[in-house]
Each structure stands twice: as structure tokens, then as C-alpha cells.
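Close look at the chain arrangement
Letter by letter, the chains look like this.
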Amino acid sequence: MTEKQTWSQRFESALHPAIARFNASISFDIELIEYDITGSQAHAKMLAHTGIISHEEGEALFNGLERVRQEYRQGQFQPGVDAEDVHFAVEKRLTEIVGDVGKKLHTARSRNDQVGTDTRLYLRDQIQQIRQQLRDFQTVLVDIAEKNVETLIPGYTHLQRAQPVSLAHHLLAYFQMAQRDWERLEDVCKRVNISPLGCGALAGTTFPIDRHYTANLLHFDNVYANSLDGVSDRDFAIEFLCAASIIMVHLSRLSEEVILWASEEFRFVTLKDSCATGSSIMPQKKNPDVPELVRGKTGRVFGHLQAMLVIMKGLPLAYNKDLQEDKEGIFDSVNTVKACLEAMTILLQEGLEFRHQRLATAVTEDFANATDVADYLAARGVPFREAYNIVGKVVKTSIAAGKLLKDLQLEEWQQIHPAFAADIYEAITPRQVVAARNSYGGTGFVQVRQALLNARTQLIVK
Ligand code: ARG
């Protein structure tokens, strides 16, 4: 490398080219450029406002920075590795555009508080975008749920048929997870949206800056109270990665269900051509690549969370270059979560068809109504544990006879227990089994309809 670095007056020779490449972050922190420019514009305004530079100088810096932004947007400004990072790149280009006044921009500031500011502005933006995507995802869940209140689907525990539920109830479980994700991100944003600008390299600055002025311009809610903490805190990144990981847990669980449902063993859904792929060798196949990819991509987001925790755990105060390693994980997590939310929303919206006939059969072909027989007896005065044991025997003899509960004759029921009457047949139909679970938050149709209304109300909050 021919040029010496910005900081190089102290240095005799230029960086070894390989070390320059190793040290540089421009290849990825270019993602921050617009936030870097916005942050610098606020800083320039503050410098003028406080009299640290003149108003003319402040204006020249502001307008010059705006030019850098336009050049970047138009593809005319593409900094290379010699710029080291996005902060140097912007400052250098600014100085080329506005002349020597450009060299005043970095007064009372360090790249340490600068990069923290940029990353927070970026994350704040991305969090709002992800929250909007969560809303879209939730809306599609409710749309499908509304059409399927009376569609029944086997409910499972231990992946064994347990009790049938309303398909709407099943889908609304994911609505609730997404609702928590949406709220969690709002909460994370409270810690993201604090300004480190003006913390300087680590100890503050000798200039009479106004940190609240820049914080206001940049719409931060508050400023860091301690400069050492301000430049070295990455809790907000850890929290974001944690929230992102939980979103991925939810998407991955839904993915797993879709993959199971689409299998020949379940046959609960058909994958539509627009969201499924074929095999290069087995012509009969239709593969659930979308949910598989979502499930697979979950691992990388978890990995970024783990990496961020490990990056932080041994760092002495204040800034250390290790912190440059925060960015790729944050960017990749943001991009992954956004891509997965988009793909899953499309998959639900137009890639899945529930096989109603098959579902209707599935809920009648097992002993998922056994609890209801026990409840039937318990409601007629038999202590539940006793009723449970009686029904256990009924299931055993039915299996031996190759029958389902609905196939037992009334006499057979009454031999088991005299409390059984003709209304036992209605009590064990899948529809009644579901309808009867009318406890708050249960799958009973009345509950599910109320849950749908509540969900629609929650969606009004943007
Ligand atoms: N590229 C650096 C980073 O991402 C910017 C801060 C550099 N600060 C320093 N003291 N070398 O962390």
C-alpha cells in the first residue's frame, strides 16, 4: 500500500498490505455509511451550535456530507480497503469535496463514539423494519386462522396424538409468539436508542460540546451517562441478537411443523408449486425447501449471539478493536431474520394448502377423545383418577377389539360404568371435544373467536 494512513504521522512506514486488509472493516461497515453521514451531520451542527466551529464551517461540513451521501447513492463513491473503515472513508471524501474545513469534522469526537452511534442508528432502523415484518406475519396468521376456526387438527404432546384442536388455535399460538417478539424488540430499542456520541475516545472531550443537542437531532431518547460505558457497551447488540434468536426459534418451530405436515406420514398440507422445489433425480418429489432453510438459518443467528457474548466477556474498559467484530454478526442476523420472516409470510400466504378432508379424517381415527370420556364420568360424580383408570381399560379393550371409542355399543359402555348414557356419543365427537374446552385460552370455538378478535385489536397497534 502506497498511501500512509490517516493516523500515520507517528509511524515511519505504511501498513503491510496484508495487515491493512486484516485491519480494515470497510468491506462490511460500508453498510453503515448513511448512518455515519447522518451522525456526522448532527455532530457538525453541534460544533457550530456550540461555537466550536463557525456557522459557515458547520454548513460547509453538513452540505459536503450530503454530497458524499448523494455520490454514494449514485454509485460514484465506492471506497476501497485503503480507507480502512467507513468513518475514515467518509471523512476523506468530505475533505476532498469541501477542502481543509473537512479536517475540522472530527473535532471533539473519536471513531469509538462514532461507530457506536452509527451501529445504534442502524439497529434502530432495522428493528422498526423487523417489527413491521412481524406485523405482516401476524396478519397472515390471523387471516388463515379466521377461515379455520372450525377446521380441526390433531393436537400433540410428545409428538403423540393428544387432543384435537381448532387449526385457528394452533396458528394463533404462533401469533402470540410473534406478539412477544414484537414487544421484545420495542423493549430492546429502549437500550439501543441511547447516544454514545460525545463520549470521545473513552474519557469525554475538552471541548464544550452539547451531547443532548446531537442526541435530539438524531432522535435518541437519552445519552450515555458514563463515557467509558458509552464507547464500550454492546449490551444493546447482545439484546438484539437475543431477540433475533428468539424470533428464529419461533420461525424454526413453525418450519418444523410445516415440514412434518407436508410429509407423506402426515399429509396435513400440500405445498404449492410457487413455494416448493423439486429433486434433480427423483421426479415425484416436492421438497419443503423454504421451511428447511429457515430452520437451517436459525443456527447462524444463534451463532452470532454466542459470538457476541464471547467477544465481550474478557474485554477490559474501554474500546478494544475486538468490538469491530460486532458488525458482521449484527448485519447477518438482521438480514437473516428479515429474509426468513418474508419467506415464511409468503409461504403461509400462498404456499400452503391445508388438506381439510385429510384433517377431518385424522381427528376421528384415534383415541384423542379418551380424556373426554374420563371428563364425562368425572362430571357425573366419578372421581377423576378413578375415571381415568376406567377409561384406560376401555382404550385397552377397544384396541384389542380393533375398535375406536365411537364404535362401542351403548351396552358395552354401560358394562364399563352405569353412568354412561346415549349422550356419550355426542360428547366424544371431535367437534364436541374441541368445543367443550371453553376454558380461558383454550381451544373451544367461543374462546378461539374471542382470541381472534383480540388478535385483530392487537394488530391495530403499529
Ligand atoms: N472500525 C472500527 C470499529 O468498527 C471503528 C472504531 C475504531 N477505533 C479505534 N480506536 N481503532 O470498531
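For the structure, check the block above.
Described in the following lines is the structure provided in the data block. Everything numeric here is computed off the predicted structure, so don't read it as measured data.

Once that is clear, we can look at the side chain of R135. By the element assignment, R135 lies in helix α6 (residues 111–147). Of the side chains with opposite charge, E183 lies nearest to the buried R135, which makes no salt bridge, at 6.7 Å. In this structure, R135 is in contact with Q179, W182, Q458, L459 and V461, ignoring residues within four places of it in sequence.

Glancing now at the packing of helix α4 (residues 55–73) against helix α5 (residues 86–98). Following both chains from N to C, one finds α4 and α5 inclined at 115 degrees, their axes separated by 9 Å at the closest point. Viewed along their axes, α4 and α5 adopt a mutual orientation that is roughly perpendicular. α5 is crossed by α4, and the crossing has right-handed handedness. In contact with A60, L61, G64, L65, R67, V68 and E71 of α4, α5 contributes V90, R93, L94, I97 and V98. For the contact of α4 with α5, a count of residues per class yields eight nonpolar, one polar and three charged.

Within the secondary structure layout, Q179 lies in helix α7 (residues 167–192). Not counting residues up to four positions away in its chain, the partners in contact with Q179 are R135, Q138 and Q458.

Now for the site of the ligand. Around the ligand, the neighbouring residues are S25, D85, H87, R111, N112, V115, Y319, Q324 and K327. Between a nitrogen atom of the ligand and a side-chain N or O atom of Q324, the distance comes to 2.7 Å. In the environment of the ligand, an oxygen atom lies 2.6 Å from a nitrogen or oxygen atom belonging to the side chain of K327. The fraction of the free accessible surface of the ligand (340 Å²) that becomes covered by protein chains is 86%. For the shell around the ligand, the element with the highest residue contribution is α6, accounting for three residues. Looking at side-chain class alone, the shell around the ligand contains two nonpolar, four polar and three charged residues.

Reading the values: rules and limits
Residues numbered from 1 in each chain as written. Predicted model: local features only at pLDDT ≥ 70, side-chain atom pairs only at ≥ 80, totals over all residues. Heavy atoms only, no water. Helix = DSSP H or I, 4+ residues; strand = E, 2+ residues; numbered from the N terminus. Buried < 20%, exposed > 50% of the residue type's maximum accessible area, 1.4 Å probe, protein only. Lys, Arg positive; Asp, Glu negative; His and termini not counted. Salt bridge = Lys/Arg side-chain N within 4 Å of Asp/Glu carboxyl O. Contact = heavy atoms within 4.5 Å. Axes fitted to C-alpha atoms, helices over the stretch in contact; angles between N-to-C directions. Parallel < 35°, antiparallel > 145°, perpendicular 65-115°, else oblique. Left-handed = near helix turned anticlockwise from the far one by under 90°. Nonpolar A, V, L, I, M, F, W, Y, C, P; charged D, E, K, R; others polar. Near = heavy atom within 4 Å. Polar contact = N/O pair within 3.5 Å; in protein donor to acceptor, adjacent residues only side chain to side chain. Areas by Shrake-Rupley, 256 points an atom, 1.4 Å probe, with all protein chains shown as cover.

What is shown is where atoms sit, not what they do.
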